[in-house]
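# Commentary on secondary and tertiary structure
Okay, here's what each chain looks like letter by letter:
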Amino acid sequence: MMIHSLALPPSDAEVDAWLAVLASAAAADLPQLPPPSRVEVAGRLCVTPARGRPVLWTAGAGEGAGESEGVAALLLFTEEGNTHTAFLDVLTVRPGARRRGVGTALWERVREELLADGRTSVAAMLDLGGPGQAFAEAMGFENVLPMAWYAQDVPAAAGAPAGAAADGPAKPPATPGYELLTWYGLVPDAWAPAAAAAHAAMEDAPTGDMDERIQTWTPERLHALQQLILDRGGDMITVAAVTPGGEVAAYTEIVLPDPEGTSALQYDTVVVPAHRGHGLGRAVKRHMAAQAAARHPQLRRIATTVADENGPMRAVNEALGYRRERGVGIYQIKL
């Protein structure tokens, strides 16, 4: 077995080999979920992240982009305040190649890269109860932020969630004193400063004992992260509750990594502290589900993660029909 570093961007053959590993692992470990999409996998491998420097490896018997036994992707943060840490985005071994030292060999290469770059910690998101958790704990990782995946079904009828009209999206929920706006792709320039200010309210979201530090939100950073999603081939929708004075009081974001796929990821949902208690969190999320279903009729599932200690957001999700699917955690190791 050999560990190979991939040049960036990887070739089509290398993308296909990487996808094959992820697909075989997903079929064994999470058969209830849709398989990984080539659009999403290719986008993540081929488009440089806005937040850092990626490093990719594959494990296989020989040179080239043949069948891989395992893959690993590391993101070395370049943001100010986070150059001491990193995120292990992927470390996956094909089921038939497990318990043969493939994962350990990949982890040793990742660890060498981290130490050579002066990193003192690394984190990864792992499903609880699966092979990833057992492997990570054996390597010394600890769960520093317990979370769970929650999912909401989008009924097939008219491709719209409950409450949607047969000929279009549901009527926007009543939000006295606020207007609901929907933005596709980048937040409009005129609203970017207010949207960035609202993103700063995420600072009170639980982060556990993670070494990664929340960055200051600016219009430029907001647009850079949104543009990354689009450059990777995805679609993004933002619904915001705004005041007559031009303030973004609440917002929610949804991303389809593959716009032709049946699954979407619910990103941030935030209500600015001064505007809490008016049902804005439920309103923006309910309107978002209707807008997303109207734009993407094939959409059948919206999934999101919520920290176990974030009771208010779990209550909002439950009221909207989200169900808990499986536990997950941010695992971290000090080097």
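So, here is what we can say about the structure in this document. Values in this document were obtained by computation on a predicted structure and should not be read as measured data. (Residues numbered from 1 in each chain as written. Predicted model: local features only at pLDDT ≥ 70, side-chain atom pairs only at ≥ 80, totals over all residues. Heavy atoms only, no water.)

## Structural notes on the packing of aromatic side chains
- Applying the stated criterion to the full structure yields two aromatic pairs.
- Seen from their ring centres, tryptophan 107 and phenylalanine 141 are 5.2 Å apart, and the 65° between their planes marks the pair as edge-to-face. Taken together, the residues tryptophan 107 in helix 3 (residues 102-116) and phenylalanine 141 in the loop between helix 4 (131-139) and strand 6 (142-153) connect sequence positions 34 residues apart. Just as tryptophan 107 is buried, phenylalanine 141 falls in that class too.
- Look at tryptophan 183 and tryptophan 191: their rings are 5.8 Å apart centre to centre, the planes differ by 40°, and that puts the pair in the tilted class.
- Taking the relative accessible area as the measure of exposure, tryptophan 183 reaches 8% and is therefore buried.
- Residue placement shows arginine 221 over the ring face of tryptophan 217; its charged tip is 4.3 Å from the ring centre.
- Its end group placed over the ring of tyrosine 322, lysine 285 keeps NZ or CZ at 4.9 Å from the ring centre. (Phe/Tyr/Trp six-rings, centres within 6.5 Å; stacked < 30°, edge-to-face > 60°. Helix = DSSP H or I, 4+ residues; strand = E, 2+ residues; numbered from the N terminus. Buried < 20%, exposed > 50% of the residue type's maximum accessible area, 1.4 Å probe, protein only. Lys NZ or Arg CZ within 6 Å of the ring centre and 35° of its normal.)

## Here we look at the nonpolar core
- Counting 27 residues, the largest nonpolar core has Ala241, Ile254, Leu280, Leu299 and Ile302 as its most contacted members.
- Elements supplying a minimum of two residues to this core: strand 6, strand 8 (235-242), strand 9 (248-256), strand 10 (263-271), helix 7 (280-295), strand 11 (301-307) and helix 8 (311-319).
- Broken down by element, the residue count for this core peaks at six residues, all from helix 7.
- Excluding residues that lie within four positions of it along the chain, leucine 280 makes contacts with Thr175, Tyr178, Ala241, Ala249, Ala250, Val271 and His275.
- In terms of nonpolar packing, the next biggest core, distinct from the first, is built from 23 residues, Trp107, Val110, Leu126 and Tyr331 among them. (Core = buried A, V, L, I, M, F, W, Y, C linked by side-chain atoms within 4.5 Å. Contact = heavy atoms within 4.5 Å.)

## Thoughts on helix 1 (residues 12-29)
- Spanning 18 residues, helix 1 covers 26 Å between terminal C-alpha atoms, matching the ideal 26 Å at 1.5 Å per step.
- When we look at burial in helix 1, the residues that qualify are Val15, Ala17, Trp18, Leu19, Val21, Leu22 and Ala25.
- Elements in contact with the buried residues of helix 1: helix 2 (38-46), strand 2 (52-60), strand 3 (70-77) and strand 4 (86-93). (Expected span 1.5 Å × (residues − 1).)

## Focus on the pairing of strand 6
- With nine bridges joining them, strand 6 and strand 12 (residues 323-334) adopt antiparallel strand pairing. Counted as the bridge partner of alanine 151 is arginine 323 from strand 12.
- When strand 6 meets strand 11, the two strands line up antiparallel, connected through seven bridges. Residue pairing for strand 11: methionine 147 is matched across the bridge by alanine 307. (Pairing = 2+ DSSP bridges.)

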